[in-house]
Structure formats: C-alpha cells, structure tokens
Amino acid sequence: MSELLIVGGLTVDRFVDGTSAPGGSVLHSGRAAVAEGVRPAILTIAGDEPEARDGLAQLGDFADVVAQPSPSTTTYGHHEETGRRVLVLEAVSAPLDQPAAMDDAPSVALLGPIASELTPSTIAAIETTIRPRCTVMLIQGWLRHLVVGEPVRPLPLDAVSDELWTAFGSADAIVVSTEDLAEAPEDPFAQAAAVRERLGSGPVLVLTLGAEGYLLDDPSTDRVIASVPRRVVDGVPMVGAGDTFGAALAIHLVRADDPIHAADAATEAVIRMLEARR
C-alpha cells in the first residue's frame, strides 16, 4: 500500500469555449503527491464518458488506481462572473461503495469528494476497514448545495448533517477554503470559529485564504495562527490549488511534521505548482 491513499470522484469539466477535460480532487492531489515523491493509491468513481476515460488513463500513469464504475461522471460547467469561478452542476455520479479491507494500511488517507460521492458510512468504513494512521479531509464537496442545472453555492453550516459533522470531527485534519463557506465571507477568523464550534476539539483545522495564505487552528495550542506568504503567483489559473495543499499537508503530517511546518510545506507546494503554470 502507498504512503498516501486518495479517495474522491473524477469530474468532467466543461468550459464556455466548448472544450472539456477530466478534473477532480484525485487528479490534482495525485499530481501533488508525485511532486512530493509519493506514488499514491487512488480510490475513485467515474462513468464512461471520453473525458472520464482520459482521466482514469492519466491517473494510471502516476498512481495505483481502483475505479468504481458509475452510470455517469459528476460534470460541472465552468464560467466566470465578476472575476469569480462559477460551477453549474450538469450531472452527478453514484456514491462510492464502501471499500474492501486492504492487506497494508496506508499511512494517511486524503478524502476529497467533489460532490456527494462520499457518504458518512463510507467515511466510517475507510477508517475502520482500511485503517489509515492519519485521515485528512478536504470538505468542500460536502459543503455544496447541489442541484442539477443550478449553480453550485456553499451550504450554510447548519444545513450540513450532524452525521457528517461527527465524521469530520473524527479526522486528524480538516482543510476548507474561505470561498467554500457561506457564513461571514469577509471575516475568515469568524469562519474558522464557526467551523471549529461544529467540529469539536479533535482535528487540526486549516482554512485556506487563496493568495492571502491560511489560518491554522491546532487544538493543542492556545492560538489561531495566520500565515501570509511572501511569494504570490498572479495571472495563472488557481484550479487544483486546494487539492495540492491538502495532499502536501497530509504527506507532511504523516511524516511527523508539526501542523505549522506541514501547512508551510503545503503552501510551498501550491506556489511551485502555480509557478510551473507561468
């Protein structure tokens, strides 16, 4: 088993110029893992669209892949409004089945759904059947109001089920972007406090702020830490930045880095990824 197991669905991403491509957290975080010297194992779900087949082929080039079939792949239409990316849900995949036991547990599991493909029962099965030493969750996929034909928008935190909050609270670390939260978008400290209230005192919480850095709430310390990077990469697409951050954070946490050093390493991974797009 790999040092890192990544779980989440593929997407088909359709753009206003008529092009389309595979996407999803497994692609972006998988590439980030390779950049950190790790060949990941990947558990994903996808349909039979040409883009999905292409995505699975790309994953197979750098990862050990188990792909569950689905009648369709989660599909998003992409456009921009006033400089912000807007996603419109066009199709959604089936949920991931609960995984079978593995002979060797991964050091860390990174759970990054892109819609609703990871249910609380599947999360529990990953933790009890696969038994990773560390679990990191990118929770944006669970915080989305998802209706086929409508733009995706953040769910109010109170609209997320208690069952999911319990599952989140069992993780070692949670990563979420300020853009994925409906409450207090102008006040990331208030956002972090609202998420912490629902998580309980268990996991490390990292709230990413785009080019402005991150907030780190480690329950073992007595303060929330704000980090602003000195290097900012402008003028390139930010797609995959959160997934890259999550993969690097997970890898460095399980390598015994403390949360601050792991988050700093994840920030550097994102900067390197963005600089490569220039």
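Residues numbered from 1 in each chain as written. Predicted model: local features only at pLDDT ≥ 70, side-chain atom pairs only at ≥ 80, totals over all residues. Heavy atoms only, no water.

**Regarding the environment of alanine 247**
Relative to the helices and strands, alanine 247 resides in helix 6 (residues 241-254). Linking alanine 247 and valine 26, residues 221 residues apart in sequence, is a C-alpha distance of 9.6 Å. When near neighbours in sequence (up to four residues on either side) are disregarded, alanine 247 contacts Ser29, Ala32, Ala33 and Leu110. (Helix = DSSP H or I, 4+ residues; strand = E, 2+ residues; numbered from the N terminus. Contact = heavy atoms within 4.5 Å.)

**Observations concerning helix 5 (residues 188-199)**
Look at helix 5: 16 Å from first C-alpha to last across 12 residues, which is about the 16 Å you get at 1.5 Å a residue. When helix 5 is considered as a whole, its buried residues turn out to be Gln191, Ala192, Ala194, Val195, Arg196 and Leu199. Packing partners of the buried residues in helix 5 comprise helix 4 (162-169), strand 12 (173-177), strand 13 (204-208) and strand 14 (214-217). (Expected span 1.5 Å × (residues − 1). Buried < 20%, exposed > 50% of the residue type's maximum accessible area, 1.4 Å probe, protein only.)

**Observations regarding unusual backbone geometry**
Positioned with a positive phi, arginine 131 is a non-glycine residue whose angle comes to about 60 degrees. The topology assignment puts arginine 131 in the loop between helix 3 (120-130) and strand 9 (134-138).

**Here's the deal with the pairing of strand 8 (residues 108-111)**
Side-chain alternation along strand 8 places Val108 and Leu110 on one buried face and Ala109 and Leu111 on a second face that is also buried. Sheet topology places strand 1 (residues 4-7) next to strand 8; four bridges connect them, and they run parallel. Along strand 8, the bridge assignment pairs valine 7 with leucine 111. Alignment of strand 8 against strand 9, held across four bridges, turns out to be parallel. Among the inter-strand pairings, alanine 109 is bridged to a residue of strand 9, identified as threonine 135. As for the winding sense of the linkage, the β-α-β connection from strand 8 through helix 3 to strand 9 is right-handed. (Pairing = 2+ DSSP bridges. Right-handed = clockwise from strand over helix to strand, strands pointing away.)

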